[in-house]
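Fold and contact review
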Amino acid sequence: MSSDLRPCGTRAAYERHRRHGQPIDEACRKAKSAYVYAKRGGYQRARNRALTRLARTFPEMFARLEAEHFAADGVTSRSGGVYQRSRRRAMAELARTLPERYAPLLAAELAAEARRMNPPADQESR
Ligand SMILES: [Zn+2]
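In this report, the structure presented in the accompanying data block is examined.

Conventions used here
Residues numbered from 1 in each chain as written. Predicted model: local features only at pLDDT ≥ 70, side-chain atom pairs only at ≥ 80, totals over all residues. Helix = DSSP H or I, 4+ residues; strand = E, 2+ residues; numbered from the N terminus. Rg over C-alpha atoms; globule rule 2.2 N^0.38 Å. Buried ≥ 20, exposed ≤ 12 C-beta atoms within 10 Å, placed from the backbone. Contact = placed C-beta atoms within 7 Å. Axes fitted to C-alpha atoms, helices over the stretch in contact; angles between N-to-C directions. Parallel < 35°, antiparallel > 145°, perpendicular 65-115°, else oblique. Left-handed = near helix turned anticlockwise from the far one by under 90°. Nonpolar A, V, L, I, M, F, W, Y, C, P; charged D, E, K, R; others polar.

Considering the overall build of the protein
A count of helical and extended segments in the protein gives five helices and zero strands. When the helices and strands of the protein are listed from N to C terminus, the series reads α-α-α-α-α. In terms of overall dimensions, the protein is more spread out than a globule: its C-alpha atoms have a radius of gyration of 21 Å, far above the 14 Å expected for 126 residues. If you line up the protein on its principal axes, its C-alpha atoms span 60 × 30 × 20 Å. Looking at the protein as a whole, 18% of its 126 residues are labelled buried. Look at the contacts in the protein between residues 6 or more apart in sequence, and 51% of them connect residues 24 or more apart.

Notes on the packing of helix H3 (residues 59-73) against helix H4 (residues 81-97)
At their nearest, the axes of H3 and H4 sit 9 Å apart, and the two run at 135° to each other. With respect to H4, the element H3 is oriented oblique. The hand of the H3/H4 crossing is right-handed. Only Val-82, Ser-86, Arg-87, Arg-89, Ala-90, Glu-93 and Leu-94 of H4 make contact with H3, whose side of the interface consists of Met-61, Phe-62, Leu-65, Glu-66, His-69, Phe-70 and Asp-73. Here the residues of the contact of H3 with H4 sort into seven nonpolar, two polar and five charged.

Shown next, in the form of structure tokens:
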């Protein structure tokens, strides 16, 4: 195929080893797991930003859901882990309630994360 094979220690090399049934060396294994962690973190960041934007766009509906979840979860102050988890559940419910509003926000934030992870390579146009 092409001569510009990516060296060991890259995700491309890891995928190449997999395709060719080659043993995975340590450098490639690390590159792959770093990629997976970054991707997972990127999704969480994108989701959190999209949920926050949705809550800011519909403050009254969010306040109502928050109050319901706080009551159900026994949240009495706006701090601590119980509060954070309860608030997150309220945000998730807002997203389920308004899927057509949430979807484009999430798509935009995921696209922003993808650009952060894979900046356009102007040298490698083909
Ligand atoms: Zn390798």
